[in-house]
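Fold and contact review
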Amino acid sequence: MSADEQAIRALIARWLQATHDGNIDEVLALMAPDAIFLTAGQPPMQGHQAFADTLRHVLNDNVVESNSEIDEIEIEGDMAYCRSTLEVTIVSKHGKLPLRRTGHTLTILRKDAAGTWHVTRDANMLA
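Read on for an overview of the structure.

The rules we used
Residues numbered from 1 in each chain as written. Predicted model: local features only at pLDDT ≥ 70, side-chain atom pairs only at ≥ 80, totals over all residues. Heavy atoms only, no water. Pairing = 2+ DSSP bridges. Helix = DSSP H or I, 4+ residues; strand = E, 2+ residues; numbered from the N terminus. Phe/Tyr/Trp six-rings, centres within 6.5 Å; stacked < 30°, edge-to-face > 60°. Buried < 20%, exposed > 50% of the residue type's maximum accessible area, 1.4 Å probe, protein only. Salt bridge = Lys/Arg side-chain N within 4 Å of Asp/Glu carboxyl O.

So, about the pairing of strand β5 (residues 99-111). In this sheet, β5 lies alongside strand β4 (residues 79-92) in antiparallel orientation, the contact comprising 12 bridges. Each residue of the ladder has a partner; that of Glu87, found in β5, is Thr102. In textbook terms, the turn of a hairpin is the stretch between consecutive antiparallel strands, and for β4 and β5 this stretch comprises six residues, one of which, Gly95, has a positive phi near 85 degrees. In this sheet, strand β6 (residues 117-124) lies alongside β5 in antiparallel orientation, the contact comprising seven bridges. If you follow Lys111 over to β6, its bridge partner there is Trp117. Following β5, the chain reverses through five residues before pairing antiparallel with β6; Gly115 in that reversal takes a positive phi of roughly 90 degrees.

Attention now goes to the packing of aromatic side chains. Under the definition given, this model contains three aromatic pairs. Taking 6.1 Å as the distance between ring centres and 40 degrees as the angle between the ring planes, the aromatic pair formed by Trp15 and Phe37 counts as tilted. Here Trp15, found in helix α1 (residues 3-21), pairs with Phe37, found in strand β1 (residues 31-39); they are 22 residues apart in sequence, far enough to count as distant. Just as Trp15 is buried, Phe37 falls in that class too. Both rings, one in Trp15 and one in Phe51, keep their centres 5.6 Å apart while their planes meet at 65 degrees; by these two values the pair is edge-to-face. Of this pair, Trp15 sits in helix α1 while Phe51 sits in helix α3 (residues 47-61), placing them 36 residues apart in sequence. What makes Trp15 buried here is its relative accessible area of 15%. Each member of the aromatic cluster is reached from another via a ring pair, and the members are Trp15, Phe37 and Phe51.

Moving on, we get to the pattern of salt bridges. This model, assessed by the stated rule, comprises eight salt bridges. Among the salt bridges present, the one from Glu5 reaches Arg9, with a minimum N-O distance of 3.1 Å. Remark: Arg9 and Glu5 occur in helix α1; sequence separation between them is four residues, near one turn of the helix. The shortest N-O distance in the salt bridge between Arg14 and Glu26 comes to 2.6 Å. Within this pair, whereas Arg14 is found in helix α1, its partner Glu26 is found in helix α2 (residues 24-29), the two being separated by 12 residues in sequence. Where salt bridges share partners, they join Asp71, Glu72 and Arg83 into one cluster.

Okay, structure coming up:
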């Protein structure tokens, strides 16, 4: 496994852990400033602020537990994509029943001049 693939796998693990921990700043640090997120039935979320607002809203009342099985990573220069199967459980802090979603994701990543990978586009097909 190449160093770039290891770095991308580590980024995904950090993303999941930071989301679980409610560390929005850590999640934002893993994203390119111009990141765009696509989810079914919703308009695209563009940029850090839109993503942070949405995540903050979810984390105010919930804890997010997730697991990602990486199915494929392809790297070409400073661009890469990662296809994965994602399971997310949103656990209410107020005793409501958990909400579980599973599905596939396609994430596009870009490596910056310092050699650090960031999520630049993400399509999430959870249902």
